[in-house]
Amino acid sequence: FSVRIRETDIPRVRAILKELEPRAATMAVQARLAWETHFAPSRIFDHLVDQCVAMLARRLVPESVASRLALLHFLRPKFLRKRVREIRRKRRQFL
């Protein structure tokens, strides 16, 4: 119910769409059904929760570990140098 066109076929977009025109009504009904199933206002919350649960199930590293690992990012030399400069600047302003 969706049209996917490769980048190399972009010059042929009009011809491709013309070929698919007889199926347009069927594709529209299928697209509407998919939207109502997953994204309609009455379904969006349930769909988002389902997606979050699925992401948690696929998670390889527990959140408690991942959040600590993310802090290692700030130990990179670039950030340490920046933080030292900020501390020195604040100290000079204070004194």
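Residues numbered from 1 in each chain as written. Predicted model: local features only at pLDDT ≥ 70, side-chain atom pairs only at ≥ 80, totals over all residues. Heavy atoms only, no water.

In this section: the overall build of the protein chain. A tally of helices and strands in the protein chain yields five helices and zero strands. Ordering the α and β elements of the protein chain from the N terminus gives α-α-α-α-α. Against the 2.2 N^0.38 benchmark of 12 Å for 95 residues, the protein chain shows a C-alpha radius of gyration of 26 Å, more extended than a compact globule. With the principal axes as the frame, the protein chain shows a C-alpha extent of 75 × 35 × 25 Å. Burial analysis of the protein chain (95 residues in total) assigns 5% to the buried set. Accessible surface, the protein chain as shown: approximately 9,000 Å² in total, 62% of it carbon and sulfur. Here the protein chain carries 22 positive and 9 negative side-chain charges, and the mean point of each set is 18 Å from the other. (Helix = DSSP H or I, 4+ residues; strand = E, 2+ residues; numbered from the N terminus. Rg over C-alpha atoms; globule rule 2.2 N^0.38 Å. Buried < 20%, exposed > 50% of the residue type's maximum accessible area, 1.4 Å probe, protein only. Areas by Shrake-Rupley, 256 points an atom, 1.4 Å probe, with all protein chains shown as cover. Lys, Arg positive; Asp, Glu negative; His and termini not counted. Charge placed at Lys NZ, Arg CZ, Asp CG, Glu CD.)

A surface patch of positive charge is lined by R76, K78, R81, K82, R85, R88, R89, R91 and R92. Mapped onto the elements of the fold, K82 is located in helix 5 (residues 77-94). Judged by its relative accessible area of 44%, K82 is partly exposed. (Patch = residues over 30% accessible without salt bridge, like charges linked within 9 Å, V, L, I, M, F, W, Y side chains within 5 Å. Salt bridge = Lys/Arg side-chain N within 4 Å of Asp/Glu carboxyl O.)

Right, let's talk about the side chain of H47 for a bit. Position of H47 among the secondary structure elements: in helix 3 (residues 44-58). When near neighbours in sequence (up to four residues on either side) are disregarded, H47 contacts H38 and F39. (Contact = heavy atoms within 4.5 Å.)

The next thing to look at is a nonpolar patch on the surface. Together, L60, V61, V65, L69, L72, L75 and L80 make up an exposed nonpolar region whose accessible area comes to about 660 Å². Examined against the element boundaries, L60 turns out to sit in the loop between helix 3 and helix 4 (63-71). Residue class for L60 comes out exposed when judged on its relative accessible area of 82%.

Before going further, it helps to examine the packing of aromatic side chains. Taken as a whole and judged by the stated rule, the model has one aromatic pair. Arranged with centres 5.9 Å apart and planes meeting at 75°, the rings of F74 and F79 form a pair that is edge-to-face. Among the residues examined, F74 registers a relative accessible area of 48% and is labelled partly exposed. By relative accessible area, which is 23% here, F79 ends up partly exposed. (Phe/Tyr/Trp six-rings, centres within 6.5 Å; stacked < 30°, edge-to-face > 60°.)

Here we take up the pattern of salt bridges. In this structure the tally under the stated criterion is seven salt bridges. Put simply, R43 and D46 hold a salt bridge, and the shortest N to O gap is 3.4 Å. Taking relative accessible area as the criterion, R43 reaches 28% and is therefore assigned partly exposed.

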